[in-house]
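Observations on the three-dimensional arrangement
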Amino acid sequence: VESYKVILDGPAPWGFRLQGGKDFSMPLSISRLTPGGKAAQAGVGVGDWVLSIDGELTSPMTHIEAQNRIRACGDRLCLTLSRVP
Ligand code: LEU
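Residues numbered from 1 in each chain as written. Predicted model: local features only at pLDDT ≥ 70, side-chain atom pairs only at ≥ 80, totals over all residues. Heavy atoms only, no water.

Turning our attention to the overall build of the protein. A tally of regular secondary structure across the protein gives two helices and six strands. Computed over the C-alpha atoms, the radius of gyration of the protein is 11 Å, within 12% of the 12 Å expected from 2.2 N^0.38 for a compact globule of 85 residues. If one aligns the C-alpha atoms of the protein with their principal axes, the spans along those axes are about 30 × 30 × 20 Å. Buried positions account for 36% of the 85 residues belonging to the protein. A sequence separation of at least 24 residues applies to 61% of the contacts in the protein between residues at least 6 apart. Here the protein displays about 5100 Å² of accessible surface, and carbon together with sulfur accounts for 53% of that area. If you average the places of the 9 positive and of the 8 negative side-chain charges in the protein, the two averages end up 4 Å apart. (Helix = DSSP H or I, 4+ residues; strand = E, 2+ residues; numbered from the N terminus. Rg over C-alpha atoms; globule rule 2.2 N^0.38 Å. Buried < 20%, exposed > 50% of the residue type's maximum accessible area, 1.4 Å probe, protein only. Contact = heavy atoms within 4.5 Å. Areas by Shrake-Rupley, 256 points an atom, 1.4 Å probe, with all protein chains shown as cover. Lys, Arg positive; Asp, Glu negative; His and termini not counted. Charge placed at Lys NZ, Arg CZ, Asp CG, Glu CD.)

As C-alpha cells, this is what we get:
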C-alpha cells in the first residue's frame, strides 16, 4: 500500500468529506470530494485512507476528533494518505 502526502493551502473549505474513525471501527477515509476543490486538485481520491493530519496519526482519533483537527487548520493542511488498490 502506497502512502503519499499532500499540503493544501488554506483557508477551508478543503473540499472533501470524511468517513470512518475509531468510533466506527473503520479506517478514516475520504468519502467525497468537491469537484475542482483543493483536495481534488491535489490528487486526493475518494476511498483514500487518511493516515495522519498535520503529522498526527489518525488511528486513535474518533470521527469528530479528526474533523476537529482539520477544522483547527487555517493556513495549511498536511495530510498523509494511502491509496488502497
Ligand atoms: N468538509 C470540510 C472541508 O471541505 C472538511 C471536513 C473534514 C471538516 O473543508
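One broad rule of soluble globular proteins: the nonpolar side chains tend to lie buried together. By size, the foremost hydrophobic cluster in this structure holds 18 residues, and its most contacted members are Phe16, Leu18, Val50, Ile53, Leu77 and Leu79. Sorting the residues of this core by element identifies strand S1 (2-9), strand S2 (16-21), strand S3 (26-33), strand S4 (49-53), helix H2 (63-71) and strand S6 (76-83) as the ones contributing at least two each. Residue contributions to this core peak at three residues, all from S6. Leu18 has contacts with Leu28, Ser29, Ile30, Ser31, Val50, His63, Ala66, Gln67 and Ile70, leaving out every residue within four places of it along the chain. (Core = buried A, V, L, I, M, F, W, Y, C linked by side-chain atoms within 4.5 Å.)

This brings us to the layout of surface pockets. Within this model, the largest pocket holds a volume of roughly 210 Å³. If you go around the largest pocket, the residues you meet are Ala12, Pro13, Trp14, Gly15, Phe16, Arg17, Leu18, Gln67, Ile70 and Arg71. Secondary structure elements with two or more residues in the lining of the largest pocket: S2 and H2. For the lining of the largest pocket, the residue count by class is six nonpolar, two polar and two charged. (1 Å grid on protein atoms, 1.4 Å probe; cavity = no way out; pocket = protein on both sides within 12 Å on 5 of 7 lines; lining within 4 Å. Points joined across faces, edges and corners; volume = space filled by probe spheres on them. Nonpolar A, V, L, I, M, F, W, Y, C, P; charged D, E, K, R; others polar.)

Most of S6 sits inside the fold, with six of its eight residues counted as buried. The pairing of S1 with S6 spans eight bridges and is antiparallel. Within S6, the position partnered with Val6 by the bridge is Leu79. For S4 and S6, the ladder comprises four bridges, and the chain directions are antiparallel. Residue pairing in the sheet places Ile53 in a bridge with Leu79 of S6. (Pairing = 2+ DSSP bridges.)

A few words now on the pattern of salt bridges. For the structure on display, the rule yields two salt bridges. Note that Glu56 is salt-bridged to Arg69, the shortest N-O span being 2.8 Å. Pair noted here: Glu56 is in strand S5 (residues 56-57) and Arg69 is in helix H2, with a separation of 13 residues, a long-range link. Overall, the relative accessible area of 24% leaves Arg69 in the partly exposed class. (Salt bridge = Lys/Arg side-chain N within 4 Å of Asp/Glu carboxyl O.)

These values are about where atoms sit, not about what they do.
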